[in-house]
Amino acid sequence: MEAVLSLVSLTVTKVLQFSGLTDSWNALRTKKMEEKALEVYDVIKSIRDPEKPNTLEELEVVTEKCVEVQELGEDEYLIIIRFSPTVPHCSLATLIGLCLQVKLQRCLPFKHKLEIYISEGTHSTEEDINKQINDKERVAAAMENPNLREIVEQCVTEPDD
């Protein structure tokens, strides 16, 4: 039975390739992922830096290119963010990652899995920080701290909220 399904799948794939439908489907899928990435970027670009009066977009901590979206299943996506702290020893990089986590969890209208990383080579302790900001238990514990929660709220709240 498995061999028959594999043969049918291969046949359908070949028919679609010859008809040009896979190219159209791949183009539509790529466009959809690019639109989702822009939707994600629109959410994070207005997050304010914890110590400067600027947004992460203004400081180029996040850019459109730092957001990648992959389809996991029907209406479910993997969002990968690679942000760049302003300096290699930024003491608030973990807090910026926390702000990204919180804002996206609150604001995205679709089902998603989230991975946030510091762009390779942009921070002196990027491996440790990447582990911290992708550990759900650590994120939850951080948000239980009232002082930290207040700082995150200040960073993620829109100016007109």
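No experiment lies behind these values; they were computed from the predicted model shown.

A. Representation of helix 4 (residues 126-133) within the structure. Every buried residue of helix 4 is listed here: Glu126, Ile129, Asn130 and Ile133. Seen end-on, helix 4 carries its buried residues on one side only, within an arc spanning 105°. Exposed side chains of helix 4 directed beyond 90 degrees from the buried face belong to Glu127 and Lys131. Packing partners of the buried residues in helix 4 comprise strand 2 (76-83), helix 3 (93-107), strand 3 (111-118) and helix 5 (136-144).

B. Broad picture of the pattern of salt bridges. Summed over the entire model, instances satisfying the criterion amount to 10 salt bridges. Linking Arg106 and Glu153 is a salt bridge whose minimum nitrogen-to-oxygen distance equals 2.3 Å. A residue pair is termed long-range when its members are at least 10 positions apart, and Arg106 in helix 3 and Glu153 in helix 6 (residues 146-156) qualify at 47 residues. A residue is classified by how much of its surface remains accessible, and Glu153, at 25% relative accessible area, is partly exposed. The network of salt bridges with common partners includes Arg29, Lys32 and Glu71.

C. Inspection of unusual backbone geometry at higher detail. We note that Glu60 has phi near 60°; this positive angle belongs to a residue other than glycine. Mapped onto the elements of the fold, Glu60 is located in the loop between helix 2 (21-44) and strand 1 (67-73). At Asp75, a residue that is not glycine, the phi angle is positive and equals roughly 55°. With respect to the helices and strands, Asp75 occurs in the loop between strand 1 and strand 2.

D. Seen up close, the nonpolar core. Formed by 39 residues in total, the largest nonpolar core has its most connected members in Val40, Ile44, Val67, Ile81, Phe83 and Leu100. Those elements giving two or more residues to this core turn out to be helix 2, strand 1, strand 2, helix 3, strand 3, helix 4, helix 5 and helix 6. Discounting residues that sit within four places of it in the chain, Phe83 has contacts with Val61, Val62, Ala93, Ile96, Gly97, Leu100, Ile116, Tyr117, Ile118, Ser119, Thr122 and Ile133.

What counts and how
Residues numbered from 1 in each chain as written. Predicted model: local features only at pLDDT ≥ 70, side-chain atom pairs only at ≥ 80, totals over all residues. Heavy atoms only, no water. Buried < 20%, exposed > 50% of the residue type's maximum accessible area, 1.4 Å probe, protein only. Helix = DSSP H or I, 4+ residues; strand = E, 2+ residues; numbered from the N terminus. Arc of directions from axis to C-beta. Contact = heavy atoms within 4.5 Å. Salt bridge = Lys/Arg side-chain N within 4 Å of Asp/Glu carboxyl O. Core = buried A, V, L, I, M, F, W, Y, C linked by side-chain atoms within 4.5 Å.

Honestly, that's just the spatial picture; any functional story needs more than this.
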